Structures are given as structure tokens and as C-alpha cells.
Amino acid sequence: MMILYDDQFKKREDVRIDIEDRAYQFGDGIYEVIRVYDGKPFYLKEHLERLEKSAKKIRLNLPYSLDELEDRLNQLIKQNDFTQGNLYLQVSRGTAPRNHAFPKNSAPLLIAYTQPAERPVKEQTEGIRAITAEDIRWLWCDVKSLNLLGAVLAKQEAHDKHCKEAIFIRDGIVTEGSSTNLFMVKDGMLLTHPADHFILHGITRKITLQLADQLQIPVSEKKFGKESLFDADEIFITSTTMEICPVVEVDGKTIGDGCPGPLTRRLQEAFKRLIPSKTEA
Ligand code: PLP
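Numbering of residues begins from 1 in every chain and follows the order in which that chain's sequence is written. Per-residue local features are limited, in this predicted model, to residues with pLDDT of at least 70; the limit for side-chain atom pairs, both in listing and counting, is 80 or more; totals at the level of whole chains, interfaces and linings are taken over all residues. In computing side-chain properties, one takes all heavy atoms of the structure into account and sets aside hydrogens as well as water.

- For the protein chain, the name recorded in an unreviewed UniProt entry is D-alanine aminotransferase, with Thermoactinomyces intermedius as its organism.
- UniProt positions are given in the numbering used here, feature names are shortened, and annotations may be inferred rather than shown by experiment. Taken verbatim from the UniProt record of the protein chain, the Subunit (unreviewed entry) comment is "Homodimer."
- Its UniProt record gives the protein chain a comment under Sequence similarities (unreviewed entry), which states: "Belongs to the class-IV pyridoxal-phosphate-dependent aminotransferase family."

**Focus: the overall build of the protein chain**
Next, step 1: Each helix and strand counted, the protein chain has 8 helices and 15 strands in total.
Next, step 2: C-alpha atoms define the radius of gyration in this analysis, and the globule rule sets the expected value at 2.2 Å times the number of residues to the power 0.38. By the compact-globule yardstick of 19 Å for 281 residues, the protein chain fits well, its C-alpha radius of gyration being 19 Å.
Next, step 3: Taken over the C-alpha atoms alone, the protein chain extends approximately 55 × 45 × 35 Å along its principal axes.
Next, step 4: Burial here depends on accessible area, computed with a 1.4 Å probe over protein chains only, as a share of the maximum for the residue type. Under 20% is buried, over 50% is exposed, and the range in between is partly exposed. Burial analysis of the protein chain (281 residues in total) assigns 52% to the buried set. What counts as a helix is a DSSP run of H or I of at least four residues, what counts as a strand is a run of E of at least two, and both are numbered from the N terminus.

**Remarks on the environment of glutamate 123**
Next, step 1: Within the element layout of this structure, glutamate 123 appears in helix H4 (residues 121-126).
Next, step 2: The exposure class of glutamate 123 is partly exposed, given its relative accessible area of 22%.
Next, step 3: Between the C-alpha atoms of glutamate 123 and glycine 261, which are 138 residues apart in sequence, the distance is 14 Å.
Next, step 4: Whether two residues touch is decided by their heavy atoms; if any such pair falls within 4.5 Å, the residues are in contact. Ignoring sequence-local partners within four residues, the contact set of glutamate 123 consists of Ile128, Lys164, Met242, Cys245 and Pro246.

**Structural notes on a nonpolar patch on the surface**
Next, step 1: On the surface, Ile136, Leu148, Leu149, Val152 and Leu153 cluster together to form a nonpolar patch covering roughly 470 Å² of accessible area.
Next, step 2: Here leucine 153 is to be found in helix H5 (residues 149-160). Patch membership requires more than 30% relative accessible area and the absence of a salt bridge. Residues of like charge join within 9 Å; the nonpolar side chains Val, Leu, Ile, Met, Phe, Trp and Tyr join within 5 Å. Method for areas: the Shrake-Rupley scheme with a 1.4 Å probe, in which residue coverage is limited to the protein chains shown. Salt bridge, as used here: a side-chain nitrogen of Lys or Arg that lies within 4 Å of a carboxyl oxygen of Asp or Glu.

**Let's talk about the packing of aromatic side chains**
Next, step 1: Under the pairing criterion, centres of Phe, Tyr and Trp rings, with the six-membered ring standing for Trp, must be within 6.5 Å; the plane angle then separates stacked pairs below 30 degrees from edge-to-face pairs above 60, leaving the rest tilted. The final tally for this structure, using the stated rule, is 7 aromatic pairs.
Next, step 2: Ring centres 5.5 Å apart and planes at 45 degrees place the aromatic pair tyrosine 88 and tyrosine 113 in the tilted group. Placement of the pair is tyrosine 88 in strand S5 (residues 85-92) and tyrosine 113 in strand S6 (residues 109-116), with a sequence separation of 25 residues.
Next, step 3: An aromatic cluster is present here, built from Tyr37, Phe42, Tyr43 and Phe271 joined pairwise through their rings.
Next, step 4: Should the NZ of a Lys or the CZ of an Arg lie within 6 Å of a ring centre and within 35 degrees of the ring normal, that charge is described as sitting over the ring. Positioned above the aromatic ring of tryptophan 140 is the side chain of lysine 57, whose terminal nitrogen or guanidinium carbon lies 4.7 Å from the ring centre.
Next, step 5: Its end group placed over the ring of phenylalanine 230, lysine 253 keeps NZ or CZ at 4.5 Å from the ring centre.

**Quick notes on the pattern of salt bridges**
Next, step 1: All chains considered together, the criterion is met by 19 salt bridges.
Next, step 2: The partner of arginine 93 in a salt bridge is aspartate 28, and the shortest N-O contact between them spans 2.7 Å. Residue arginine 93 is found in the loop between S5 and S6, and its partner aspartate 28 is found in the loop between helix H1 (22-26) and strand S3 (29-37); the two are separated by 65 residues along the sequence.
Next, step 3: Using a relative accessible area of 10% as the deciding quantity, one classes aspartate 28 as buried.
Next, step 4: Several salt bridges converge on common partners, so that one network encompasses Asp135, Arg137, Arg170 and Glu176.

**Quick word on the site of the ligand**
Next, step 1: By convention in this text, a residue qualifies as near a molecule or strand provided that one of its non-hydrogen atoms is within 4 Å of it. Lining the immediate environment of the ligand, one finds 16 residues, of which Arg50, Glu176, Ile203, Thr204 and Thr240 sit closest.
Next, step 2: The term polar contact refers here to a pair of N or O atoms within 3.5 Å; inside protein, the definition further demands a hydrogen-donor-capable atom paired with an acceptor-capable atom, and it admits residues adjacent in sequence only when both atoms are side-chain atoms. In this structure, threonine 180 approaches the ligand through a main-chain N or O atom, which is 3.5 Å from a nitrogen atom.
Next, step 3: Between the ligand and threonine 240 there is a distance of 2.6 Å, counted from an oxygen atom to a side-chain nitrogen or oxygen.
Next, step 4: Protein contacts shield 91% of the accessible area of the ligand, which totals 390 Å² for the unbound molecule.
Next, step 5: Elements supplying a minimum of two residues to the shell around the ligand: strand S9 (173-177), helix H6 (203-214) and strand S13 (234-239).

**Comments concerning the state of the cysteines**
A disulfide bridge is the covalent bond that connects two cysteines by way of their sulfur atoms.
Next, step 1: The criterion for a disulfide is a pair of cysteine sulfur atoms lying within 2.5 Å. Summed over the entire model, instances satisfying the criterion amount to 0 disulfides.
Next, step 2: In this model cysteine 259 remains outside any disulfide bridge; the closest cysteine sulfur is found in cysteine 245, 14 Å from its own.
Next, step 3: Taking relative accessible area as the criterion, cysteine 259 reaches 46% and is therefore assigned partly exposed.

**A look at the packing of H6 against helix H8 (residues 262-272)**
Next, step 1: In this analysis, axes come from line fits to C-alpha atoms, helices being fitted only over the stretch in contact, and the angle between any two N-to-C directions falls in the range 0 to 180 degrees. Taken N-terminus to C-terminus, the directions of H6 and H8 make an angle of 105 degrees; their axes are 10 Å apart at the nearest point. The angle between H6 and H8 falls in the class roughly perpendicular. The segment H6 lies against H8, with Thr204, Ile207, Thr208, Leu211 and Ala212 engaging Leu267, Ala270 and Phe271.
Next, step 2: In this classification, Asp, Glu, Lys and Arg are treated as charged, Ala, Val, Leu, Ile, Met, Phe, Trp, Tyr, Cys and Pro as nonpolar, and every other residue, Gly included, as polar. Its residues placed into classes, the contact of H6 with H8 shows 6 nonpolar, 2 polar and no charged. Any angle that falls under 35 degrees is termed roughly parallel, while one over 145 is termed roughly antiparallel, one within 65 to 115 roughly perpendicular, and all others oblique.

In C-alpha cells form, the structure reads like this:
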């Protein structure tokens, strides 16, 4: 497998990360996960624009332009003969003697690689179980930062309880999942947390809102409390890797009738129509 390392293509075994790379020591960097269907990156421009926004917010200069990056990512897909899975991309602030403040002379390091993955069809058809967890993350959740410890601990707690996702609660408010955005349906209305600094502005969230608009499903981007989860008719999560995935149980309590709900299924169908038709299940 070839890796995009800085601006070269290298074999994975030839790539070396310095012990003083700031991503490694401080989590000082940003990333993106982009889905590839049928050899084509899905909503690539949106992902690269978000990468640029994250970079600006943490005062990191991207090593090359978004057009150049797009070119190189497409080259990487070709070189690896990659058809389906995830394209992972990260930019660190580079390597310098360890010191919290930004180094004066360090070049940001960009790496990208491909990772084959199936679509999570079983989860999408049957729905998943989730827990709620306190949102202990920092307050710039709109930055796709490499600091993922809050998400890692919450996801592990979910796995320990045989659940697939942890739904974050901050000051009684439902924010998002540990690696997904969260929607609920109540009386025909779709509700989700507003796109502010408390959540990642998910690309799949945005696509879902566009689909809801096309399907004339009313939407409210307003905060709601943890208790309303248990009163929801339907709940689903969205992300690049999970697409639109129903949540049928939270903290051991059944949501709706315990099956993926009708609005969730309509949105899933509409989402599927956006995916290149040659994509395998
Ligand atoms: N929220 C968090 C915290 C995430 O980590 C992710 C994706 O990794 C998402 C939401 C979903 O974002 P996207 O739809 O862009 O994959």
C-alpha cells in the first residue's frame, strides 16, 4: 500500500514518523476521513474545505493548496487501485524540539492513506445500541482535531457495555455521538444540535439536512435535553463511515418500537441514491 507522505508517495514500511512530531506528542494537528465509493472520493470538496477551516482555527498552514491536495488524493486512490473504504488524511504542525508554543521553523507534515472497509449494512438495517456519556471534550468540537481522548474513552465505555456509540451530554444537552452527529425524530420533526462549537459540523449531517429539505421533512436545529431522547419516536446517527444509522436503544431503554423508524428509512434510501450505483453492499 502506498502512503502520501508530505508530497511523496511511499511504501508504508518506508514511512517514519519522528518522535518529536507534534501530532505524536501534543495531538497538535487535524484530520479528515473521506469515504471512497467505486474509486471516487465522496463529497471531497466539503471535506477539504472543513480541513481548511480546522487549519485556520488552530493557526496551522496547510502545506499545499486544496486543488493540489485533491490531485494528490486522487493519485493515491489510483496508485492503490482503491475502490471502496476510507481515505484518512492528517496534518501535523511538524517536527521540532518539544515545547508547547509553536516552533518557528517547522514544516507541517501531511500524510494520507487508504483503508478498505465495507458499508455497515447490518447496523443500518437493524439499528445499533448506544449509551449516554458526559461530554468531557474541549470546547472547540467544530475543529477536527487529532486530540481524540474524550471520544476514545466514551467509545470504549460504549463497547464495554456492548453498545456501538456513546451519545455525549453536556450540561444536560445532547450534543453528538463520540464519532457521529445525532438526530432525533419527534412528531414528524427532525431535531439536531445546531452547528456551533459544541459539535463537529459533519458532512453527513449536512447531506442529511439537504435530503430532509428535499423530502420536505421539517427540521429544527435546536438544543434538546437528555430526557427527550427517551421520548423520541426515532433516533439516528450520521457519519462518513456509518452514513445514516438508526439507534434503537439508549442506556438499555428501547427507542420508539425498537426498529429503525420510517423517517430514518426514507433518509437512508435517499442517501443511498447519492452513492455511485456500482458500490457493493
Ligand atoms: N461528530 C464527531 C465527533 C465525529 O468525529 C464525526 C466523524 O468522525 C462526525 C461527527 C461525523 O462527521 P462526518 O459526517 O463529516 O464524518
